Amino acid sequence: MEKIANLLITWFQYKKRELPWRKNRSPYRVWVSEIILQQTKVEQGKAYFERFMAQFPNIKSLATADQKDVLKVWEGLGYYSRARNLHKAANQIIDHHNGVFPNSHEKIIALKGVGKYTAGAILSFAWNRPYPAIDGNTVRVTTRVFGIHMDAHHAYVQRHIASLITELYKYSSPKEINESIIELGALICRPKNPLCTECPINNHCVAKEQNTIHLLPLLKKKAQPRERVLHFILLHGPKDTIYIELRQKSDIWKGLYTPLLIEGIELSASAEELLSETAKRNIKIDNLTKTNTLIHKLTHQTLHINIWQATTKERTSYFIKRSDLSNFPTPKPFISIFKKISE
DNA sequence: AAAACGGGGCG
DNA sequence: CGCCCAGTTTT
């Protein structure tokens, strides 16, 4: 174990990437970057991190912002609950910790959106405290190096990995141990085509020795995504206004704004059928025409989307000036559409 | 314990 | 275009 720890950190000090969040490891920066990096590739996360930090440089500025503006910075990144939780947790810190980022594991993991991994990352990266940060990279590296041929999600395996990582803390700092393992997983011990010849610990890798690297880690199969049909109507009102609605249910895109949504009728539905649906919602519309249809794939749902155009003479509170559209966070399929309309 | 939650990238 | 990646909350 001592040899592995030393090889890892020597490699890391030499090969680690220069990343925006590594410039200054304040708890706030570590926290924001770790939330952004959940389910997100480093390359995509960089620009979002820079913009987020520019707009919300500290806990207070984030806490006092409108959730809508936090989601606007998050627009296009996906898993929007991360942004809502980040905003809520900033307020938790203001309300319960006097605006100062808490430094105990118990208090950090109590923050909305912070689970075991993120708590470990904050404690180790910001304060060099000995808490494992077990993410997908860590699981991949450790199951291979130690030859763990068991379901990686199983609680027993997670505890085993944690104890192996903790043992490495005897030989080097938790901060560098955690970060070097994650970096090794990202750069060398990749899911496909790992670069074993460049790996600093290839001589200590059980899976390499067994020729079982391609089999590890052992992961469960995912469920099939469900199919879903959505009709969106770009509804133009008087005086350069457009109808938008806030998604509020516990469903995809909560907190974001979309055009008028009609769900529950088939993809091939006629304009007449849509008209009767809008009538049910007491919205009188004219000139309804279909403009295009697209498929938007999410991990858990495949969305079949029809986009329509229509006009109306009504003007309720759901209508905003087209030029204000850019202030409203919207899901990926509508970013370019809204941009075009607002011009 | 299982399902829900986006979007990007690769072959 | 099918397949892969994956922490936290909710159910």
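Draft legend 1. Region of the structure containing the protein's contact with DNA strand B. With respect to spatial proximity, 20 residues lie near DNA strand B, and among them Q39, T299, H300, Q301 and K332 are the closest. In this structure, a base nitrogen belonging to DNA strand B sits 2.5 Å away from a side-chain N or O atom of T299. Within the side chain of Q301, one N or O atom sits 2.6 Å away from a phosphate oxygen of DNA strand B. Of the residues in the surface near DNA strand B, the class split is six nonpolar, nine polar and five charged.

Draft legend 2. Looking closely at the pairing of strand β1 (residues 226-237). Within β1, nine of the twelve residues are buried, leaving the element largely enclosed by the surrounding structure. Relative to strand β7 (residues 301-311), β1 runs parallel, the two sharing eleven bridges. Among the inter-strand pairings, L230 is bridged to a residue of β7, identified as I305. Direction of pairing for β1 relative to strand β5 (residues 260-263): antiparallel, over a ladder of four bridges. Counted as the bridge partner of F232 is L261 from β5. Where β1 and strand β2 (residues 241-243) come together, two bridges link them in antiparallel fashion.

Draft legend 3. Up close: the domain arrangement of chain A. By domain assignment, chain A separates into domain 1 (2-215) and domain 2 (226-342). One C-alpha centre belongs to domain 1, the other to domain 2; they are set 37 Å apart. Each side of the interface is counted separately: domain 1 has nine residues, and domain 2 has 15 residues. In total, domain 1 and domain 2 occlude about 960 Å² of area from one another, counting both sides; carbon and sulfur atoms represent 59% of this. Considering only the surface of domain 1 that becomes buried against domain 2, K68, E75 and Y80 emerge as the three largest contributors, covering 49% of it. At the junction of domain 1 with domain 2, the criterion picks out zero salt bridges. On the surface where domain 1 and domain 2 come into contact, there are five residue pairs in polar contact (both at pLDDT 80 or more). In terms of residue count, the dominant contributor to the side of domain 1 that touches domain 2 is helix α5 (residues 67-74) (four residues). In terms of residue class, the side of domain 1 that touches domain 2 is built from three nonpolar, two polar and four charged.

Draft legend 4. Region of the structure containing the pattern of salt bridges. As enumerated under the stated definition, the model contains twelve salt bridges in all. A salt bridge links R228 to D251, with the nearest nitrogen and oxygen atoms 2.5 Å apart. With R228 in strand β1 and D251 in the loop between β3 (245-246) and β4 (257-258), this pair connects stretches of sequence that are 23 residues apart. For D251, a relative accessible area of 27% puts it in the partly exposed group. Put simply, D240 and R322 hold a salt bridge, and the shortest N to O gap is 3.3 Å. Of this pair, D240 sits in the loop between β1 and β2 while R322 is found in the loop between β8 (319-321) and α14 (332-342), placing the two residues 82 residues apart along the sequence. By sharing partners, the salt bridges in this structure join R17, R22, R25, E179 and E183 into a single network.

Draft legend 5. Highlighting the packing of helix α3 (residues 42-55) against α5. With their axes 9 Å apart at the nearest point, α3 and α5 run at an angle of 155° to one another. With respect to α5, the axis of α3 lies roughly antiparallel. From α3, Y48, R51, F52 and Q55 reach across to α5, where they touch D69, V70, V73 and W74. For the contact of α3 with α5, a count of residues per class yields five nonpolar, one polar and two charged.

Draft legend 6. Structural context of the protein's contact with DNA strand C. Near DNA strand C there are 21 residues, and of these Q39, G113, G115, T118 and G136 occur at the shortest range. Within 4 Å of the protein, atoms of DNA strand C come from sugar and phosphate in 69% of cases. Backbone polar atom of G115 to a phosphate oxygen of DNA strand C: 2.7 Å apart, as the coordinates give it. A distance of 3.2 Å separates a phosphate oxygen of DNA strand C from a polar atom in the backbone of K116. When residues of the surface near DNA strand C are traced back to their parent elements, those giving at least two are α8 (116-127) and α9 (136-145). Tallying contributions element by element places α8 first for the surface near DNA strand C, with three residues. Of the residues assigned to the surface near DNA strand C, the class counts are five nonpolar, eight polar and eight charged.

Draft legend 7. Representation of the state of the cysteines within the structure. Taken as a whole and judged by the stated rule, the model has zero disulfides. The thiol of C196 is not disulfide-bonded; the next cysteine sulfur, from C205, is found 6.4 Å away. Judged by its relative accessible area of 16%, C196 is buried.

Procedures and definitions
Residues numbered from 1 in each chain as written. Chains lettered and ligands numbered in written order. Predicted model: local features only at pLDDT ≥ 70, side-chain atom pairs only at ≥ 80, totals over all residues. Heavy atoms only, no water. Near = heavy atom within 4 Å. Polar contact = N/O pair within 3.5 Å; in protein donor to acceptor, adjacent residues only side chain to side chain. Nonpolar A, V, L, I, M, F, W, Y, C, P; charged D, E, K, R; others polar. Buried < 20%, exposed > 50% of the residue type's maximum accessible area, 1.4 Å probe, protein only. Helix = DSSP H or I, 4+ residues; strand = E, 2+ residues; numbered from the N terminus. Pairing = 2+ DSSP bridges. Domains from an automatic or database assignment. Contact = heavy atoms within 4.5 Å. Buried area = accessible area lost by both parts, 1.4 Å probe. Salt bridge = Lys/Arg side-chain N within 4 Å of Asp/Glu carboxyl O. Axes fitted to C-alpha atoms, helices over the stretch in contact; angles between N-to-C directions. Parallel < 35°, antiparallel > 145°, perpendicular 65-115°, else oblique. Disulfide = S-S within 2.5 Å.

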